[in-house]
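Chain and residue survey
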Amino acid sequence: MATGDLALGQERAATPASRRVVNDFSINVATVNGSGSQSANSVLLKAIFGMGIPVSGKNLFPSNIAGLPTWYTIRASKDGYVARKRTSEVLVALNPDTAKQDALDLPPGGVAIYEEILNLKQYRNDIVCYPVPFDKITAAVCPEAKLRKLVKNMVYVGVAAQLLSIDLDVIEEGLRKQFAKKLKVFDLNFGAVKAGFDFASEKLVKQDPFVLERMNQTAGKIVIDGNAACGMGAVFAGVTVVAWYPITPSTSLIEATTDLLKKLRITPEGKATFAVVQAEDELAAIGMVLGAGWAGARAMTSTSGPGISLMGEFAGLGYYAEIPGVIFDVQRTGPSTGMPTRTSQADLLSTAFLSHGDTKHILLLPGSVRECYDFGYAAFDLAERFQTPVFVLTDLDLGMNNWMSDPFPYHDESQDRGKVLTKEDLDRLGGFARYKDVDGDAIGWRTLPGTPHSKAAYFTRGSGHNEAAAYTEKPGEYQAIMDRLTRKFENARKFVPVPVVHRDGKSKIGMLCFGSTDFALRESLDQIKKEYGKDVDYLRIRAYPFAHEIHDFVASHERVYVVEQNRDAQLASLLKLDLPADQAVKLRSILHFNGLPVDAQTIAEEFVTREGL
């Protein structure tokens, strides 16, 4: 069954160059890891963005240091779609080891720009081929042989710019900003761009329909990755202690956080008002976070699935001893150490119940870089309000790739430090019981170390304790604490981010998802509407525990498809635990778990098959 994207691809297969395809195609740049292509790819993406065209970029790279294939896809979409497409129409082939397969993967009518010695034309007679002597052009503009593999990438930028009508002035402006303090480097790189542009102008005849034209859809917008956005949210939330252990794909989140702290948290005398500690492992990192949270600091760590598994025992301590802390989990594939440079949404169940015994954690599930920023901020308020670890789950696609966004607003609201007793409070009360629910919200009052009052101290213990924080193994006292923790978790439903309903019509069918799956799912709904005239209601979940609106959404539909990027239907499983039995049976799963970000075409095809359209 052909969805809108498939039909469009079939039309392009027979589309002559005279029938232009404007601002609606993807470019796939195939290079070798470690060849310095990242700068050139960034220049190309930002040039398209600078022309006012909605754009997104995705880096598919290996987990080794250098030598293996890497691909970077840039999608230009006049309609603002930013999810990965299953296929790219334009190929820039600079890796001899993958060039043949990369060319075979092009759709009919596609375009291949490649090093001429690769002779890709021998493999396809239904694509447009542009052979380019990249090595010769590079040698002419770069006398230093050791720099040529880096400069070669800029030559491809120039060739692509000429063939696709990318504004050369925008590229020049971007390079000047990038190398503002390195004039010689700018001259070398822009010289390479200009050489590629001039070659294409003189030697290549435009034969394909793909072209880029100026729009006004990016004015005032920014380009940022989700890891940097999370770091910004944490800094503006007032984080002062960061403990971490390096792991892909979360390391850049800590790097972005640290860079901001160094800019914003240094006194006039040059003293840092923060601490960033690289721990010996992930278990030590979360231990430091909980120690800092217990002492009254706002503290965080960042990791991925393997690190999450190592944090289990301390996560349980934070839950049971009721200590605030924030943990960012940038998800990647598994099991084991998995494929660290591939994306996934497969930590949902393990993180929700992380620890041994009965444990339920608050999870925030951002679906955009703006929400990475907002939830990175909100997580600290929730952690202190509910006195518990709070997990923010993103993924490699959202965390490490570049996304367009409106600028982030400054959060000027006061911090919610939760229920903290001061000396004055204790003077008035005469004392307190750390784990007693005196207000009916299932949250006890706490004091911070150093509070100058004789009644401020209490024991913090991970073994059995009663309401007064004294050791106990009495069944009734243990059960009373556990029941209160359950009520506290249930109460969090009213405070976590509510779901977002993108379509709320009269359809009998609904779809649910969370996180970065949102981009592809919304596009797939447009394809289904265009091809089949069928409306489907849609809700995006943004937190666990699940808000009551999710129950209402499921109740109002006959069937609800849960779309997620893991093998075991983890979101659907978590929903089935939460919904009444007569509602849980309505759920159907659409799963994607090959390590690549899900695309709209895949979702649409699965839905059409399941619905028999």
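Please refer to the structure placed before this passage.
Because the structure is a prediction, the values reported are computed rather than measured. (Residues numbered from 1 in each chain as written. Predicted model: local features only at pLDDT ≥ 70, side-chain atom pairs only at ≥ 80, totals over all residues. Heavy atoms only, no water.)

**Some words on the overall build of the protein chain**
- The secondary structure content of the protein chain amounts to 22 helices and 22 strands.
- Taking 25 Å as the expected radius of gyration for a compact globule of 613 residues, we find that the protein chain reaches 27 Å, a close match to that expectation.
- Taken along the three principal axes of its C-alpha coordinates, the protein chain extends 85 × 65 × 40 Å.
- Looking at the protein chain as a whole, 55% of its 613 residues qualify as buried.
- In the protein chain, the proportion of contacts linking residues at least 24 apart, taken out of those at least 6 apart, comes to 75%.
- Separation between the mean location of the 68 positive side-chain charges and that of the 73 negative ones in the protein chain comes to 2 Å. (Helix = DSSP H or I, 4+ residues; strand = E, 2+ residues; numbered from the N terminus. Rg over C-alpha atoms; globule rule 2.2 N^0.38 Å. Buried < 20%, exposed > 50% of the residue type's maximum accessible area, 1.4 Å probe, protein only. Contact = heavy atoms within 4.5 Å. Lys, Arg positive; Asp, Glu negative; His and termini not counted. Charge placed at Lys NZ, Arg CZ, Asp CG, Glu CD.)

**Considerations on the packing of aromatic side chains**
- On inspection of all chains with the given rule, the structure shows 12 aromatic pairs.
- Between phenylalanine 186 and phenylalanine 190 the ring centres are 5.7 Å apart and the planes differ by 5°, which places this aromatic pair in the stacked class. Of this pair, phenylalanine 186 and phenylalanine 190 both sit in helix H7 (residues 183–203), four residues apart, roughly one helical turn. Across the pair, phenylalanine 190 and phenylalanine 186 agree in class, each one buried.
- Between the aromatic rings of tyrosine 561 and phenylalanine 607, the centroid separation amounts to 5.3 Å while the plane-to-plane angle is 70°, which identifies the pairing as edge-to-face. Separated by 46 residues along the polypeptide, tyrosine 561 in strand E21 (residues 559–564) and phenylalanine 607 in helix H22 (residues 600–611) bring together distant segments of the chain. Exposure class is identical for tyrosine 561 and phenylalanine 607. Each is buried.
- Taken together, Phe236, Tyr373, Phe408 and Tyr410 form an aromatic cluster joined through their ring pairs.
- The aromatic ring of phenylalanine 459 is capped on one face by arginine 461, whose charged end is 5.8 Å from the ring centroid. (Phe/Tyr/Trp six-rings, centres within 6.5 Å; stacked < 30°, edge-to-face > 60°. Lys NZ or Arg CZ within 6 Å of the ring centre and 35° of its normal.)

**Regarding the pattern of salt bridges**
- Within this structure, the stated rule accounts for 42 salt bridges.
- Across the pair glutamate 371 and arginine 542 runs a salt bridge whose closest N-O atoms are separated by 2.8 Å. Taken together, the positions of glutamate 371 in helix H14 (residues 369–385) and arginine 542 in the loop between strand E19 (537–541) and strand E20 (543–544) put the pair 171 residues apart, joining distant regions of the chain. In this pair, the class of glutamate 371 matches that of arginine 542, namely buried.
- Here the salt bridges share partners, and the residues they tie into one network are Arg298, Asp381, Glu384, Arg417 and Arg446. (Salt bridge = Lys/Arg side-chain N within 4 Å of Asp/Glu carboxyl O.)

**Description of the sheet that holds strand E11 (residues 275–278)**
- Pairing in this open sheet of seven strands is mixed, and the strands run E11-E10-E12-E13-E15-E14-E20 from one edge to the other. Every interior strand has two partners, whereas the edge strands, E11 and E20, have only one.
- Sheet strands touched by helix H10 (residues 282–294): strand E10 (241–244), E11, strand E12 (299–303), strand E13 (325–331) and strand E15 (389–395). Its angle to E12, the strand with the most contacts, is close to 160°. (Pairing = 2+ DSSP bridges. Axes fitted to C-alpha atoms, helices over the stretch in contact; angles between N-to-C directions.)

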